[in-house]
Amino acid sequence: TDLRTLVLESFGYKAGVPLDADLVFDARCLPNPYYEPGLRACTGKDPVVASFLAAEPRATALIEDITAFLDRWLPEYGRDNRNYFTVAIGCTGGQHRSVYAADAMARHLRNKFKVKIALYHIEQEAKNWVNA
C-alpha cells in the first residue's frame, strides 16, 4: 500500500463538514453528553465522558462498524496511489461524541496499520487557538 498518512478529524456539524475529508461519518445518532448534568463543559477526551459513551452499546457498535469499514477499505485506497487519506467524524458541536469516536478509532488503527496517524479535533483546536 502507498498510504503513508491517515488523518482522523473530529468536527462539529454546526461549523460545517471539513472540505478535505475523503470519508465522513456521523455520530449524532449517539446519546449526547451535552445534555447530561456535569458533562456539558467536558470533552470526549475527559474520562467521565469516555465512560459515559463506552457504556453506551450504540457508541461501541458505531465505532466498531466504522473501524471494520476502514480495516477493509483503507488498503484499497492505498493501492490507488494515495499518500494520505482523511476520515472525518462529526457530531453536533464537535466536543463530545466525535472526539471520543476519533480517539477510539485512532487507537484501533494505530495497531492495525503501519501508517502515520494524525489526529485533529477541529473544534477543540479552534477553541485553543482563540483562547491562546
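The rules behind these values
Residues numbered from 1 in each chain as written. Predicted model: local features only at pLDDT ≥ 70, side-chain atom pairs only at ≥ 80, totals over all residues. Heavy atoms only, no water. Helix = DSSP H or I, 4+ residues; strand = E, 2+ residues; numbered from the N terminus. Buried < 20%, exposed > 50% of the residue type's maximum accessible area, 1.4 Å probe, protein only. Contact = heavy atoms within 4.5 Å. Areas by Shrake-Rupley, 256 points an atom, 1.4 Å probe, with all protein chains shown as cover. Lys, Arg positive; Asp, Glu negative; His and termini not counted. Charge placed at Lys NZ, Arg CZ, Asp CG, Glu CD. Pairing = 2+ DSSP bridges. Axes fitted to C-alpha atoms, helices over the stretch in contact; angles between N-to-C directions. 1 Å grid on protein atoms, 1.4 Å probe; cavity = no way out; pocket = protein on both sides within 12 Å on 5 of 7 lines; lining within 4 Å. Points joined across faces, edges and corners; volume = space filled by probe spheres on them. pLDDT = per-residue confidence, 0-100. Expected span 1.5 Å × (residues − 1). Bend = angle between axes of the 7 residues up to and from the residue.

**Q** Even after reading the chapter, I still don't get the overall build of the chain, so can you show me in this structure?
**A** Helix and strand counts for the chain come out as four helices and four strands. Each helix (α) and strand (β) of the chain, taken in turn from the N terminus, gives the series β-β-α-α-β-α-β-α. Projected onto its principal axes, the C-alpha positions of the chain cover 45 × 35 × 20 Å. Within the chain, the proportion of its 132 residues that are buried is 45%. Put simply, 77% of the contacts in the chain that link residues at least 6 apart link residues at least 24 apart. Split by element, the accessible area of the chain, about 7400 Å² in all, is 52% carbon and sulfur. The averaged location of the 16 negative side-chain charges in the chain is 2 Å from the averaged location of its 16 positive side-chain charges.

**Q** So what exactly am I meant to see when it comes to the environment of Phe85 here?
**A** Topologically, Phe85 is positioned in strand E3 (residues 84-91). As for Phe85 and Asp20, which are separated by 65 residues in sequence, their C-alpha atoms are 9.2 Å apart. Setting aside chain neighbours within four positions, we find Phe85 in contact with Leu3, Thr5, Leu6, Val7, Asp22, Leu23, Leu74 and Tyr77.

**Q** Would you mind going over the sheet that holds E3 with me for this structure?
**A** Backbone-to-backbone hydrogen bonds join strands into a sheet, with any given pair of strands oriented parallel or antiparallel. Pairing is parallel in the open sheet, where four strands are placed in the order E2-E3-E1-E4. Looking at the sheet topology across the chains shown, the edges are occupied by strand E2 (23-26) and strand E4 (116-121). Between one strand and the next, the sheet's axes are offset by a mean angle of 15°, whatever the strand orientation. Relative to E3, strand E1 (residues 5-12) is paired through eight bridges, and the arrangement is parallel. Pairing of Glu9 across the sheet is with Ala88, part of E3. Contacts from helix H2 (residues 57-79) reach E1, E2 and E3, with the element oriented near 175° to E2.

**Q** What's the story with the layout of surface pockets in this structure? I'm lost.
**A** Any empty space left between the atoms is revealed when a probe the size of a water molecule rolls over them. Considered as a void within the structure, the largest pocket measures approximately 170 Å³ in volume. Considering the residues around the largest pocket, the lining is formed by Lys14, Asn32, Tyr34, Tyr35, Cys91, Thr92, Gly93, Gly94, Gln95, His96 and Arg97.

**Q** Teacher, can you tell me more about the confidence of the model for the chain here?
**A** Low-confidence regions, as indicated by low pLDDT, have predicted coordinates that should not be scrutinised in detail. Chain-level statistics for the chain give a pLDDT mean of 91 and a share of 94% at 70 or above. Mean pLDDT in the chain bottoms out at helix H4 (residues 122-131), which sits at 67, and peaks at E2, which reaches 98.

**Q** How do you make sense of H2 when you look at a structure like this?
**A** It helps to recall that an α-helix has 3.6 residues per turn; residues three or four apart then point in one direction. Here H2 contains 23 residues, and its C-alpha end-to-end distance of 34 Å stays within 8% of the 33 Å for a straight helix at 1.5 Å per residue. A maximum bend of about 35° is found in H2 at Trp73, where proline Pro75 lies one to four positions downstream. Buried within H2 are the following residues: Ala59, Leu62, Ile63, Ile66, Thr67, Leu70, Leu74, Pro75 and Gly78. Along its buried surface, H2 packs onto E1, E2, helix H1 (47-54), E3 and helix H3 (97-112).

**Q** Any chance you could explain the pairing of E1 here in plain terms?
**A** As a general feature of sheets, a regular strand has side chains that alternate between the two faces. Most of E1 sits out of view: seven of its eight residues are buried. Sheet topology note: the E1/E4 ladder contains six bridges and is parallel. Looking across to E4, one finds that Leu8 is bridged to Leu119.

**Q** Honestly, unusual backbone geometry in this entry has me stumped. Any pointers?
**A** Most peptide bonds take the trans configuration, and most residues that are not glycine carry a negative phi. Unusually for a residue other than glycine, Asn81 sits at a positive phi of about 60°. With respect to the helices and strands, Asn81 occurs in the loop between H2 and E3. Residue classification places Asn81 among the exposed residues on the basis of a relative accessible area of 61%.

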